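Structural overview for review
Listed below are the residues making up each chain.
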Protein chains: 2
Amino acid sequence: MRTAFQFAPVGVIHSCFREKFGIPRQPGLVPGLTARLQIHPPYDREEAFRGLEAFSHVWILFVFHANLQQPWRPMVRPPRLGGNRQVGVFASRSPFRPNPLGLSVVALKGLERQGGRLELILGGGDFLDGTPVLDVKPYLPYADCPTQAHGGWADAMPPATCEVSFTESAREACRDHGRRLGEDLEVLVRTLVSQDPRPAYKSNESNKQRFAMKLFDLDVEWIVENGHARILSLHPLSKDVP
Amino acid sequence: MRTAFQFAPVGVIHSCFREKFGIPRQPGLVPGLTARLQIHPPYDREEAFRGLEAFSHVWILFVFHANLQQPWRPMVRPPRLGGNRQVGVFASRSPFRPNPLGLSVVALKGLERQGGRLELILGGGDFLDGTPVLDVKPYLPYADCPTQAHGGWADAMPPATCEVSFTESAREACRDHGRRLGEDLEVLVRTLVSQDPRPAYKSNESNKQRFAMKLFDLDVEWIVENGHARILSLHPLSKDVP
């Protein structure tokens, strides 16, 4: 009963997030995000997904693979509580948990065969590129959405806290790279940065600190002053990030 | 990226269901059910759950441990579709999946220390006794309950299909054993049997077939005729079921 169980991924996520910094803290906060779940053989058969197109949303059970070397901690400091209040790890959705399992509901946008690969197209995800996926389940509104549920200190969507503006050259870079990538980068960067991805303990600082996040094959740089973020530049990564 | 991941249980479920037959097909269908999640060391520390009491519901990620020897199948026949239509395994919540991981949202009724053991009290579960649990996460209404989600052929709660009556001796047995167990067995048996736990392919049969399920330390026997179930008896199991 106490033995360990072994699970092999059924697929891997390809997303625009090449590092943890900047990823929305819950799925659904940035609906414009798209991720692709590439299904591994022998599971990459259309019939294993037959009927899933009738569902608007799916659960993705995944591994926080960037945290595998971290020990579990009994208590964590959720960003939602300003990063200075501790709660139990099982009272949080922190990735630093005894079993680094993640759970996200995302919109199901399609099932595509691309160059021999079977891929699920997912909307609104919060996945790091390369995330191993253990299971896909249909979202069942009547079973998964209990009426009268309430969520303590995390009952409502976190507000977008940061105003965002762009320098003229950053706006141009959004247009240029966005055309190449097929994405509205201005909207995406605005939404991501407006949620203030900075560590919570820094959110009261307004000393013109520079921040950068990797998005697709780009470095996005901004500066924060008095709660206002100004996007300075988007430029290609010097080399591909693993 | 394709390597397997190992997870050890953080706890084990104690429930009234000693076998799979009779277990509700989704959590929440029988709110009167209570299960206890006993937390294993080193996770059995109150601080690891601090703050969880603010949430009304929790996700339980568990292993379908009774199905570990079964191979995965690309397609399954969900009971909701009468057991005669096939859908892809990833379009179902069937336990026969590549990774036998289960996901249930249940009401959180309390956290108790019982004889040195730390236990979460869960309401409305669909767990087999002895189920290994890999993770407990707070249910976040704003993130876990997407608006406008729809659920294909499983959009609404399955109706209770079976009328249920009791013989006088079965009703007495409910009272006697219910007193000993501290449960309203009549309500519990009525609700469970009204959901017609028979295999879907049998649900059109009305030839007075006998059925039996194990509940707590009891055998519950009933007969079905013309869609009406009559509870015949509740008696102690001859020996303890593993």
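Conventions used here
Residues numbered from 1 in each chain as written. Chains lettered and ligands numbered in written order. Predicted model: local features only at pLDDT ≥ 70, side-chain atom pairs only at ≥ 80, totals over all residues. Heavy atoms only, no water. Contact = heavy atoms within 4.5 Å. Buried area = accessible area lost by both parts, 1.4 Å probe. Salt bridge = Lys/Arg side-chain N within 4 Å of Asp/Glu carboxyl O. Polar contact = N/O pair within 3.5 Å; in protein donor to acceptor, adjacent residues only side chain to side chain. Helix = DSSP H or I, 4+ residues; strand = E, 2+ residues; numbered from the N terminus. Pairing = 2+ DSSP bridges. Axes fitted to C-alpha atoms, helices over the stretch in contact; angles between N-to-C directions. Buried < 20%, exposed > 50% of the residue type's maximum accessible area, 1.4 Å probe, protein only. Least-squares fit on C-alpha atoms with pLDDT ≥ 70 in both. pLDDT = per-residue confidence, 0-100.

A few words on the interface of chain B and chain A. With 77 residues of chain B at the contact, the number on the chain A side is 77 residues. For chain B, the biggest contributors to the area lost against chain A are Phe 7, Phe 90 and Tyr 142 of chain B; these three give 13% of the whole. The tally of links between chain B and chain A comes to four salt bridges. In this structure, Arg 93 of chain B and Asp 144 of chain A form a salt bridge, with 2.9 Å as the shortest nitrogen-oxygen distance. Joining chain B to chain A, the criterion identifies 24 residue pairs in polar contact (both at pLDDT 80 or more). Elements represented by at least two residues in the side of chain B that touches chain A include exactly strand S1 (5–7), strand S4 (57–63), strand S6 (87–88), strand S7 (101–114), strand S9 (132–138) and helix H1 (141–144) of chain B. The element that contributes the greatest number of residues to the side of chain B that touches chain A is S9 of chain B, accounting for six residues. Note that strand S1 (residues 5–7) of chain A and S1 of chain B share three bridges and pair antiparallel. Pairing of Phe 7 of chain A across the sheet is with Phe 5 of chain B, part of S1 of chain B.

To continue, consider the sheet that holds strand S3 (residues 34–39) of chain A. Residues and elements named next belong to chain A. Taken in spatial order, the six strands line up as S2-S3-S8-S7-S4-S9 and close into a barrel, and their pairing is antiparallel. The sheet shows a mean angle of 45° between the axes of neighbouring strands, taken without regard to direction. Looking at chain direction, S3 and strand S8 (residues 117–123) are connected through five bridges and run antiparallel. Considered in S8, the bridge of Thr 34 is made with Gly 123.

Residue and element names in this part refer to chain B. Residues of helix H3 (residues 185–194) that are buried: Leu 185, Leu 188, Val 189, Leu 192, Val 193 and Ser 194. Those residues of H3 that are buried lie in contact with strand S10 (163–166), helix H2 (168–181), strand S11 (209–215), strand S12 (218–225) and strand S13 (228–236). Of the residues flanking the end of H3, it is Asp 196, one or two places downstream, whose phi is positive at about 55°.

Least-squares fitting of chain B to chain A yields an RMSD of 0.0 Å, with the superposition described by an axial translation of 0.0 Å and a rotation of 180°. Between the two chains, the operation in question is that of a two-fold axis. Measuring from the rotation axis to each C-alpha of chain B, the shortest distance belongs to Gln 6 of chain B, at 2.3 Å. An overlap of 100% is found between the interface residues of chain B and their copies at the interface of chain A, pointing to a shared contact surface.

What follows covers the confidence of the model for chain A. The share of residues in chain A with pLDDT of 70 or more is 87%, and the mean pLDDT across the chain is 86. No element of chain A has a lower mean pLDDT than helix H1 (residues 141–144) of chain A, at 85, and none a higher one than strand S9 (residues 132–138) of chain A, at 97.

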